[in-house]
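Chain by chain, the residues run as shown.
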Protein chains: 2
Amino acid sequence: MASIRDVALKAGVGIGTVSRALNGTGYISEETKRKIMEAVAELDYRPNELAQNLYRNRSGVVGFMVPDLEHPFFSSLTKAIEMELYKHGYKCMICDVDRKQSREEEFLEMLQRNVMDGLIAGVDLMTDMDVSTIHRPIVTFDRNWGRMVPNIHSDHKRGGELAAQALLNAGCKRVLQFTPEISSDMSFMERYHTLEQILREHGVEVINIYTGKNQMGYDDDIRIAEVNANYLREVDGIFASDITAATCLRLAHQSGIRVPNQLHIISCDGLPFGRVLYPVLTSIRQNVPEIARACVNAVVKQMDGTRRVPMEQIIDVSFQKGGTV
Amino acid sequence: MASIRDVALKAGVGIGTVSRALNGTGYISEETKRKIMEAVAELDYRPNELAQNLYRNRSGVVGFMVPDLEHPFFSSLTKAIEMELYKHGYKCMICDVDRKQSREEEFLEMLQRNVMDGLIAGVDLMTDMDVSTIHRPIVTFDRNWGRMVPNIHSDHKRGGELAAQALLNAGCKRVLQFTPEISSDMSFMERYHTLEQILREHGVEVINIYTGKNQMGYDDDIRIAEVNANYLREVDGIFASDITAATCLRLAHQSGIRVPNQLHIISCDGLPFGRVLYPVLTSIRQNVPEIARACVNAVVKQMDGTRRVPMEQIIDVSFQKGGTV
């Protein structure tokens, strides 16, 4: 493959001149530029992006740190984020933390070593590393990394309200909700607190099943529904994440409990796979494309270094009518 | 942040000496090395990986080109590939082609420009670019990119045999299969051809519904089942990809067709979401972790440049008993 040296030789100029012409920096006469471009075309020269990156001190890569890429919410969000980054000329690197603190720390190290120009994080911070000392562009989705890191999340309060309203309209008197540990201060906890508060105000009993922090993915989400299958006969409403809600629907079918006649189920992400279930899952839908746009905008603004980024952005949710409520 | 210049100054040596010490190249006395490492620790110096990458002419990144990251098969495979690459010290860049030839070409360009050290591709080649001229490590999964590119795929023949056997054992007489266009020479076509051949040999009628090339993802896979819903009353067996099979199951429930009593359904990927369906989907399971391991090994071997890579590797499939057959 042709090198920058070959181009310089053919164009009869120095390597620095070729570099300036290709990077568009410094003055070069039109005549010289023409000769260089001819040499580039003739030799089919492709600039080594590693050299260009060093020159510009950027990698062109943004990392997306996820708790579990196989989880349908995070695969949808990763796709949407990749699409948005692509529009801005950035590539997307996957950082699947796989619940390991060592992996999380390694990705943060990579951010510091310029492997990535910025990071979008959708995971709880496990490390006790002080992220405010990193001084590199970071945005979190639905996670709290301290007051220096902008956070983007769905309007979970509204989500809790919409779910509560649907269960009240259906006449529920006893609702089971699957919720992460109660002490968490993560933004998504608001949907569970709001739902519980509204239902209790209306005299509806709420039973909480704690799913555990950072427990997410098919295995955990299915297991938590299965070990609590005995509750399904004792309640008339369920609020849970999509996979757990879908598993409750399967367990209800298995036990001859009719949905929605005897049991109403509403889930809280509204992922595409809810559409293959029978009945189709009624959900509070998070707006994944809008979340992706906000995350990417917030990290790109920081990388540009020119514009201020709001410390919190809240994205609308919507009620997605299915057949389970 | 401390630079290599600061480290050199503090250690009282030249920048080149620091660089040699950190990269482990060339002779440096133990005493000098100790002084440099002390300066590194004291200044909390972190080498700029961009510079190191240029020095080594590697990016440490492998791309994974997918047709649709949101598709549950590809999100599972992407996760598994990222995990395997991580073990080998490589990062994973997502290249979601989104059915656009321009994106495919751009990712191949990035491979040429050293943005990635290698590429794992799970997409049909749309471009008329001659990939054999790229001279960079490439491996395909389930796709045919010509005889110079190693291909890894599941044992689709065996998959077709296992599915045919299950439908025969269930006593099926008329089977509907959803298959990509008949003319394709992609490795995965073998499961459809094999199933059809075995069933016909046993006097079972097979009706083929062509799903179209590169049509994949929730929208397409659900739609193709829905527009063919009228067939469900006319057949007693179905073979389809997971999402289409799941949608057929939902349509059967909606029409009061009992599964598996009146209609047997078997799917061909065996993804985790089949476990939340009622009944649980009976499937031919592709071994995603094993596929990921083979893809990563094949691309790493090429990047190392030391070992030969077989041009075809076939990964075992298995019968996953559910409740739909």
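This text gives an overview of the structure that appears in the document. Each chain has its residues counted from 1, following the order in which its sequence is written. In the order they appear in the text, chains get letters beginning with A and ligands get numbers beginning with 1. For this predicted model, a pLDDT threshold of at least 70 governs which residues receive local features, and a threshold of 80 or more governs which side-chain atom pairs are given and counted, while totals over whole chains, interfaces and linings are taken from all residues. For side-chain calculations, the full set of non-hydrogen atoms in the structure is used, while hydrogens and water are omitted.

### Some remarks on the relation of the copies chain B and chain A
To superpose the copies, least squares is applied to the C-alpha atoms of every residue with a pLDDT of at least 70 in both. Of the transformation superimposing chain B on chain A, the axial component is 0.1 Å and the angular component is 180°, with the fit at an RMSD of 0.2 Å. In symmetry terms, the pair is related by a two-fold rotation axis. Closest to the rotation axis within chain B is the C-alpha of Met93(B), separated from it by 2.3 Å. The residues that chain B uses at the interface reappear at the interface of chain A in 100% of cases, marking a shared surface. When checking whether two residues touch, look at their non-hydrogen atoms; a contact exists if any pair is within 4.5 Å.

### As for the interface of chain B and chain A
Interfaces are often described in size by the accessible area the parts lose on coming together. Contact residues are listed per partner, giving 56 residues for chain B and 56 residues for chain A. Taken together, both faces of the contact between chain B and chain A bury some 5,300 Å²; the carbon and sulfur share is 62%. When a carboxyl oxygen of Asp or Glu lies within 4 Å of a side-chain nitrogen of Lys or Arg, that pair is called a salt bridge. Between chain B and chain A we count ten salt bridges in total. Linking Asp219(A) and Arg275(B) is a salt bridge whose minimum nitrogen-to-oxygen distance equals 3.0 Å. To qualify as a helix, a DSSP run of H or I must reach at least 4 residues; to qualify as a strand, a run of E must reach at least 2; elements of each kind are numbered from the N terminus. Of all the secondary structure elements, the ones that give two or more residues to the side of chain B that touches chain A are α4 (49–56), α5 (72–87), β2 (91–96), α6 (101–112), α9 (218–227) and α10 (242–254) of chain B. When residues are sorted by character, Ala, Val, Leu, Ile, Met, Phe, Trp, Tyr, Cys and Pro go into the nonpolar class, Asp, Glu, Lys and Arg into the charged class, and all the rest, Gly among them, into the polar class. Its residues assigned to classes, the side of chain B that touches chain A comprises 26 nonpolar, 13 polar and 17 charged. Note: two strands are recorded as paired if DSSP finds a minimum of 2 bridges between them. Inspection of the sheet shows strand β2 (residues 91–96) of chain A paired to β2(B) by three bridges, in the antiparallel sense. Counted as the bridge partner of Ile94(A) is Cys92(B) from β2(B). Two parts placed together each lose some accessible area; with a 1.4 Å probe, that loss summed over both constitutes the buried area.

### Remarks on the pairing of β2(A)
Within a regular strand, the side chains alternate between the two sheet faces. Residues and elements named next belong to chain A. In terms of burial, β2 is largely enclosed, as six of its six residues are buried. Alternating positions in β2 separate into two faces, Lys91, Met93 and Cys95 on one and Cys92, Ile94 and Asp96 on the other, with burial throughout. One ladder, built from six bridges, connects strand β1 (residues 61–66) with β2; its direction is parallel. Counted as the bridge partner of Val66 is Asp96 from β2. Seen with its strands pointing away from the viewer, a crossover is right-handed when the path leading from the first strand over the helix to the second is clockwise. Crossover β1 to β2 through helix α5 (residues 72–87) is right-handed. Relative accessible area decides the class of each residue, using a 1.4 Å probe on protein chains only: under 20% of the type maximum gives buried, over 50% gives exposed, and in between gives partly exposed.

### As for the packing of α5(A) against helix α11 (residues 288–304) of chain A
Residue and element names in this part refer to chain A. Between N-to-C directions, angles cover 0 to 180 degrees, with each direction set by a line fitted to C-alpha atoms, over the stretch in contact for helices. Where α5 meets α11, the closest approach of the two axes is 8 Å, and the angle between their N-to-C directions is 50°. On the basis of their axis angle, the class for α5 and α11 is oblique. Between α5 and α11 the crossing geometry is right-handed. Along the contact surface, α5 presents Phe73, Ser76, Leu77, Ala80, Ile81, Glu84 and Leu85, while α11 presents Val288, Pro289, Ile291, Ala292, Arg293, Cys295 and Val296. Roughly parallel covers angles under 35 degrees, roughly antiparallel covers those over 145, roughly perpendicular covers 65 to 115, and oblique covers all other angles. By the definition used in this description, the sense in which the near helix is turned from the far one sets the handedness, with an anticlockwise turn below a right angle giving left-handed and a clockwise turn giving right-handed.

### Things to note about the pattern of salt bridges
A complete count under the given rule lists 40 salt bridges over all chains for this structure. With a closest N to O distance of 2.9 Å, Asp68(B) and Lys79(A) form a salt bridge. Linking Asp68(B) in the loop between β1 (61–66) and α5 with Lys79(A) in helix α5, this pair reaches from one chain into another. Asp68(B) sits in the buried class, given a relative accessible area of 10%. Relative accessible area serves as the criterion here: at 14%, Lys79(A) is assigned to the buried category. Here Arg143(B) and Asp124(B) are joined by a salt bridge, their closest N and O atoms 3.2 Å apart.

### Notes on α10(B)
All names here are of chain B. By this rule the span expected of a helix is its residue count minus one, scaled by 1.5 Å. Between its first and last C-alpha atoms α10 spans 18 Å; for 13 residues at 1.5 Å apiece the expected length is 18 Å, and the two agree. The buried fraction of α10 is high, at eleven of 13 residues. Along α10, the residues classified as buried are Asp242, Ile243, Thr244, Ala245, Ala246, Thr247, Cys248, Leu249, Arg250, Leu251 and Ala252. Each element contacted by the buried residues of α10 is listed here: α5, β6 (174–179), α9, β8 (237–240) and β9 (264–267).

### Here we look at the packing of aromatic side chains
Here a Phe, Tyr or Trp ring, Trp counted by its six-membered ring, pairs with any other such ring whose centre lies within 6.5 Å, and the pair is stacked when the planes are under 30 degrees apart, edge-to-face when over 60, and tilted otherwise. Applying the stated criterion across every chain, the model contains eight aromatic pairs over all chains. Ring centres of Tyr192(A) and Phe239(A) lie 5.8 Å apart, and the angle between their planes is 55°; this geometry places the pair in the tilted category. With Tyr192(A) in helix α8 (residues 189–201) and Phe239(A) in strand β8 (residues 237–240), this residue pair connects regions lying 47 residues apart in the sequence. An aromatic cluster is defined as three or more aromatic residues linked by ring pairs; in this entry it consists of Phe73(A), Phe74(A) and Phe141(A). Each ring is checked for a lysine NZ or an arginine CZ that lies within 6 Å of its centre and within 35 degrees of its normal; such an atom marks a charge sitting over the ring. Here the basic side chain of Arg103(A) rests over the ring of Tyr86(B), its NZ or CZ set 3.6 Å away from the ring centre.

### Some thoughts on unusual backbone geometry
Pro260(A) follows Val259(A) through a cis peptide bond whose omega is 10°. By the element assignment, Pro260(A) lies in the loop between α10 (242–255) and β9 (264–267). Cis peptide bonds are those with omega within 30 degrees of zero, and the linkage from Tyr278(B) to Pro279(B) qualifies with -10°. On the secondary structure map, Pro279(B) appears in the loop between β9 and β10 (282–286). For Asp98(A), which is not a glycine, the phi torsion comes out positive at approximately 55°. Even without being glycine, Arg99(B) reaches a positive phi, approximately 60°. Among the residues examined, Arg99(B) registers a relative accessible area of 44% and is labelled partly exposed.

### Looking at the sheet that holds β8(B)
Strand pairing in a sheet relies on backbone hydrogen bonds. The paired strands run either parallel or antiparallel. Residues and elements named next belong to chain B. Taking strand neighbours across the sheet as the criterion, the six strands line up as β7-β6-β8-β9-β10-β12 in an open arrangement whose pairing is mixed. A strand with exactly one partner marks an edge of an open sheet, and here the two such strands are β7 (205–210) and β12 (317–320). On average, adjacent strands in this sheet sit at an angle of 15° to one another, irrespective of strand direction. As defined by bridge partners, β6 adjoins β8 across three bridges and the pair is classed as parallel. Bridging across to β8, Leu176 finds its partner in Ile238.

### Overview of the nonpolar core
What we call a nonpolar core is a set of buried Ala, Val, Leu, Ile, Met, Phe, Trp, Tyr and Cys residues that are connected through their side-chain atoms within 4.5 Å. Of all hydrophobic cores here, the largest spans 114 residues; its most connected members are Leu77(A), Ile238(A), Leu77(B) and Ile238(B). Aside from chain neighbours lying at most four places away, what touches Ile238(B) is Val175(B), Leu176(B), Phe178(B), Leu232(B), Cys248(B), Leu263(B), His264(B), Ile265(B) and Ile266(B). Counting 38 residues, the second largest nonpolar core, distinct from the first, contains Val97(A), Met65(B), Met110(B) and Val115(B).

### Points about α5(B)
Residues and elements named next belong to chain B. With 16 residues, α5 should cover 22 Å at 1.5 Å per step; its first-to-last C-alpha distance of 23 Å lies within 8% of that length. For α5, a buried count of 14 out of 16 residues is recorded, marking the element as mostly surrounded by other parts of the structure. In the stretch just after α5, Gly89 is the one whose phi turns positive, near 80°.

### Section: the side chain of Thr127(A)
All names here are of chain A. Considering the arrangement of structural elements, one finds Thr127 in the loop between β3 (118–121) and β4 (138–141). Residue Thr127 is classed as buried on the basis of its relative accessible area of 7%. Among the polar contacts listed, one links the side chain of Thr127 to the side chain of Glu105, at a separation of 2.8 Å. Ignoring any residue separated from it by four or fewer positions in sequence, one finds Thr127 in contact with Gln101, Glu104, Glu105 and Leu108. N or O atoms within 3.5 Å of each other form a polar contact, as long as, within protein, one can give a hydrogen and the other can take it, and as long as residues adjacent in sequence are counted only when both atoms are side-chain atoms.

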